[in-house]
Amino acid sequence: MSSITPPLARRLDGLQSSAIRDLLKLTARGDVISLAGGLPDQQLMPRDRIALAAEAALLDHSKLQYTESAGWGPLREVLSARESARLGRSVPVDEVFVTHGSQQALSLLSEVLLDPGALVVIEDPAYVGALQVFRAAGARIVAVPIDAEGMRIDALTELLDRGERPALVHTVSNFHNPRGVTMSPDRRRGLAELADRYGFWVIEDDPYGELWFDRPSPEPIASHSPNVIRLSSVSKTLAPTLRVGWLVAPNAVCRGVELLKQGADLCGSALTQQIAADLLADTDWLATHVDRLRRVYGERARALVGVLRDRFGDRVVSTDASGGMFVWVDFTDGTDTTELLPRAIEHGVAYVPGSAFAVATAYRNSMRMCFTTSESATLFEAVDRLARAVGE
Ligand code: PMP
């Protein structure tokens with residue numbers, strides 16, 4: 001008897017792995033310089049310091065045990081002190097909730113804050129990981145464009161004036177992935193005011209804020225309104241393998257997240273959370289470590305932006321890369337970056353075409369380049385190869 005295949009849930013309809021992701025699998029070839037990934041440099045991750053912290057943590061059996069769903073107590077204490085300093089107000093420990101990377105915070109928050117069909121405003125181009133989460137939650141998604149000062153608050157205001165009522169606005173406020181820009185202080189205040197006036201949530205998704213090169217990132221949006229939920233993570237400053245992210249939110253939101261986290265995975269790892277607590281509390285060591293990241297990534301960013309201007313002149317406009325991990329490049333000569341990609345890979349260089357991040361605008365002439373994992377000489381070679389691929 002042939003077996004009847006049972007169906008998968010309808011929520012999977014329309015979710016798909018992208019053709020671009022499949023193409024980028026080719027970049028695992030050793031001869032391709034890939035600026036497509038979005039990874040921090042593992043050579044700069046503090047392996048020895050993590051080993052010391054792991055050894056110290058394992059002296060105590062409690063790190064082998066289940067821990068609280070909201071996170072290992074000592075880590076939440078450290079985070080509450082850090083977030084209090086960052087936000088300029090006292091953040092109580094029960095408003096800090098530790099998640100399995102900030103990606104899990106996005107996923108749990110989408111369940112806590114959104115009913116099916118709820119309106120979610122996201123930035124265009126978008127952080128694809130957020131787009132996936134909101135689509136899976138069955139949200140209605142509307143995009144607001146970004147310019148050099150971050151999310152266009154005038155476009156959001158127009159939307160509200162038309163009678164749209166978002167449940168949630170998602171923004172990557174510092175060194176946007178993929179767009180590279182940082183939201184200006186005026187727009188931060190403007191967004192917070194709208195959130196207060198219309199009563200919607202804002203998720204300020206901030207994994208890159210510490211990675212500034214010249215001057216610190218502006219005051220968080222969450223400093224201006226209780227309706228702003230702040231997310232951050234140690235993935236870009238310490239190591240993604242720790243899977244330590246967190247959210248700062250009003251108590252009622254944290255308790256909702258707690259209920260859902262229990263269903264998702266009971267709790268995170270007391271071991272990696274203790275390692276993160278140890279490193280974050282070692283403030284002198286941390287300052288030196290993060291300074292080094294800023295210096296090395298800053299050099300690479302300047303090298304990439306410099307060589308792009310050198311080789312392409314006014315045929316491209318790129319972000320300045322004043323922090324984070326990405327440079328966003330717009331071709332002004334009509335070069336189609338999706339069509340170019342196979343040829344670029346043949347020439348030994350890969351990037352992510354703008355279309356991979358597109359929500360409402362196509363971004364056919366744009367690309368995202370990640371500068372963190374290549375030294376300057378490699379970045380020069382990558383752009384030389386790109387210039388040859390474009391020239392053909
Ligand atoms: N938000 C943004 C904007 C990101 O770029 C990333 C990682 N690429 C994440 C969240 C998730 O990071 P993690 O889960 O490692 O904290």
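In this text the structure is predicted, and so the values were computed from the model without any measurement.

(A) Spatial organisation of the packing of helix α2 (residues 47-57) against helix α9 (residues 270-281). Relative to each other, α2 and α9 sit at 120 degrees, their axes nearing to 9 Å. Classified by the angle their axes make, α2 and α9 are oblique. For α2 against α9, the interelement crossing comes out right-handed. On α9, the residues touching R49, I50, A53, A54 and A57 of α2 are L271, Q274, I275, D278 and L279. Classifying every residue of the contact of α2 with α9 by side-chain character gives seven nonpolar, one polar and two charged.

(B) Broad picture of the sheet that holds strand β14 (residues 366-370). The strand order across the open sheet built from four strands is β10-β11-β14-β13, with neighbouring strands paired in antiparallel fashion. Of all the strands in the sheet, the pair left with one neighbour each is β10 (316-318) and β13 (352-353). With two bridges connecting them, β13 and β14 associate as antiparallel partners. Opposite V352, over in β14, you have R368 as the bridge partner.

(C) Summary view of the site of the ligand. S102, N177, Y208, S233 and S235 are the nearest of the 13 residues found near the ligand. S233 is positioned such that a nitrogen or oxygen atom in its side chain is 2.7 Å from an oxygen atom of the ligand. One of the side-chain N or O atoms of S235 is found 2.6 Å from an oxygen atom in the ligand. The biggest single contributor to the shell around the ligand is helix α4 (residues 101-113), with three residues.

(D) Structural view of the domain arrangement of the protein chain. Segmenting the protein chain into domains produces domain 1 (10-45 + 287-391) and domain 2 (60-282). Of note, the centres of domain 1 and domain 2, computed from C-alpha atoms alone, are 25 Å apart. The partner domain 2 presents 31 residues to the 30 residues of domain 1 that form the contact. Interface area lost by domain 1 to domain 2 is led by R294, S322 and V359, which between them contribute 23%. Linking domain 1 to domain 2 there are two salt bridges. With a closest N to O distance of 3.8 Å, D214 and R302 form a salt bridge. At the boundary of domain 1 with domain 2, the tally comes to 10 residue pairs in polar contact (both at pLDDT 80 or more). Contributions of two or more residues to the side of domain 1 that touches domain 2 are made by α10 (283-312) and β11 (326-331).

(E) Quick peek at the pairing of strand β6 (residues 168-171). Along β6, one buried face is formed by L168 and H170 and the opposite face, lined by V169 and T171, is buried too. With two bridges joining them, strand β3 (residues 119-124) and β6 adopt parallel strand pairing. Bridging from a neighbouring strand, V120 pairs with L168 of β6. By the bridge criterion, four bridges tie β6 to strand β7 (residues 201-205) in an arrangement that is parallel. Counted as the bridge partner of V169 is V202 from β7.

(F) How the structure looks around the pairing of β7. Burial analysis of β7 places four of its five residues in the buried class, which makes it a mostly covered element. In the classification by handedness, the crossover that spans β6, the intervening helix α7 (residues 185-198) and the parallel β7 is right-handed. Here β7 pairs with strand β8 (residues 228-233) via four bridges, running parallel. Each residue of the ladder has a partner; that of E204, found in β8, is R230.

(G) Fine view of helix α6 (residues 153-161). Residues of α6 that are buried: I153, A155, L156, L159 and L160. The buried side chains of α6 occupy one side of the element, clustering within an arc of 160 degrees when seen end-on. On the buried face of α6, the contacting elements are β3, β4 (140-147), β5 (150-151), β6 and α7.

(H) Region of interest: the nonpolar core. L304, M369, F371 and L386 are the most contacted members of the largest nonpolar core, which has 49 residues in total. Going through the elements one at a time, α10, β11, α11 (337-346), β12 (349-350), β14 and α12 (376-391) are the ones with two or more residues in this core. For this core, the element with the most residues is α10, which contributes 10 residues. Inspection of this core shows a minimum of three residues originating in each of domain 1 (10-45 + 287-391) and domain 2 (60-282). Aside from chain neighbours lying at most four places away, what touches F371 is F213, Y297, R300, A301, L304, A321, G323, G324, M325, F326, V327 and L379.

What counts and what doesn't
- Every chain is numbered on its own, with residues counted from 1 as its sequence reads.
- Only residues with pLDDT of at least 70 get local features here, since the model is predicted, and only at 80 or more are side-chain atom pairs given and counted; chain-wide, interface and lining totals rely on the full set of residues.
- As a rule here, side-chain values come from all non-hydrogen atoms in the structure, and water together with hydrogens is ignored.
- An axis is simply a line fitted to the C-alpha atoms; with a helix, the fit covers only the stretch in contact. Between two such axes, the angle follows the N-to-C directions and lies from 0 to 180 degrees.
- Secondary structure follows DSSP: runs of H or I at least 4 residues long count as helices, runs of E at least 2 residues long count as strands, and numbering of each begins at the N terminus.
- Geometric relationships in this document are graded by angle, where less than 35 degrees denotes roughly parallel, more than 145 denotes roughly antiparallel, 65 to 115 denotes roughly perpendicular, and other angles denote oblique.
- Helix crossings fall into two classes, left-handed where the near helix is turned counterclockwise from the far one by less than a right angle and right-handed where it is turned clockwise.
- Note on contacts: a residue pair is in contact if any heavy atoms of the two residues lie within 4.5 Å.
- In this classification, the charged set is Asp, Glu, Lys and Arg, the nonpolar set is Ala, Val, Leu, Ile, Met, Phe, Trp, Tyr, Cys and Pro, and all remaining amino acids, among them Gly, are polar.
- Whether two strands pair comes down to DSSP finding at least two bridges between them.
- One heavy atom within 4 Å of a molecule or strand makes the whole residue count as near it.
- Contacts described as polar in this section are N or O atom pairs within 3.5 Å, which, within protein, must combine one atom able to donate a hydrogen with one able to accept it, while residues neighboring in sequence count only if both atoms come from side chains.
- Bear in mind that the domain bounds are from an automatic or database domain assignment.
- Note: buried area is the sum, over both parts, of the accessible area (probe 1.4 Å) each one loses when the two are combined.
- Every case where a carboxyl oxygen of Asp or Glu lies within 4 Å of a side-chain nitrogen of Lys or Arg is listed as a salt bridge.
- Exposure categories follow from relative accessible area, calculated using a 1.4 Å probe and restricted to protein chains: below 20% of the type maximum is buried, above 50% is exposed, and the middle band is partly exposed.
- With its strands directed away from the observer, a crossover is right-handed exactly when the path from the first strand over the helix to the second travels clockwise.
- The arc in question is traced by the directions running from the helix axis to the C-beta atoms.
- We define the nonpolar core as a collection of buried residues of types Ala, Val, Leu, Ile, Met, Phe, Trp, Tyr and Cys that are connected through side-chain atoms lying within 4.5 Å of one another.

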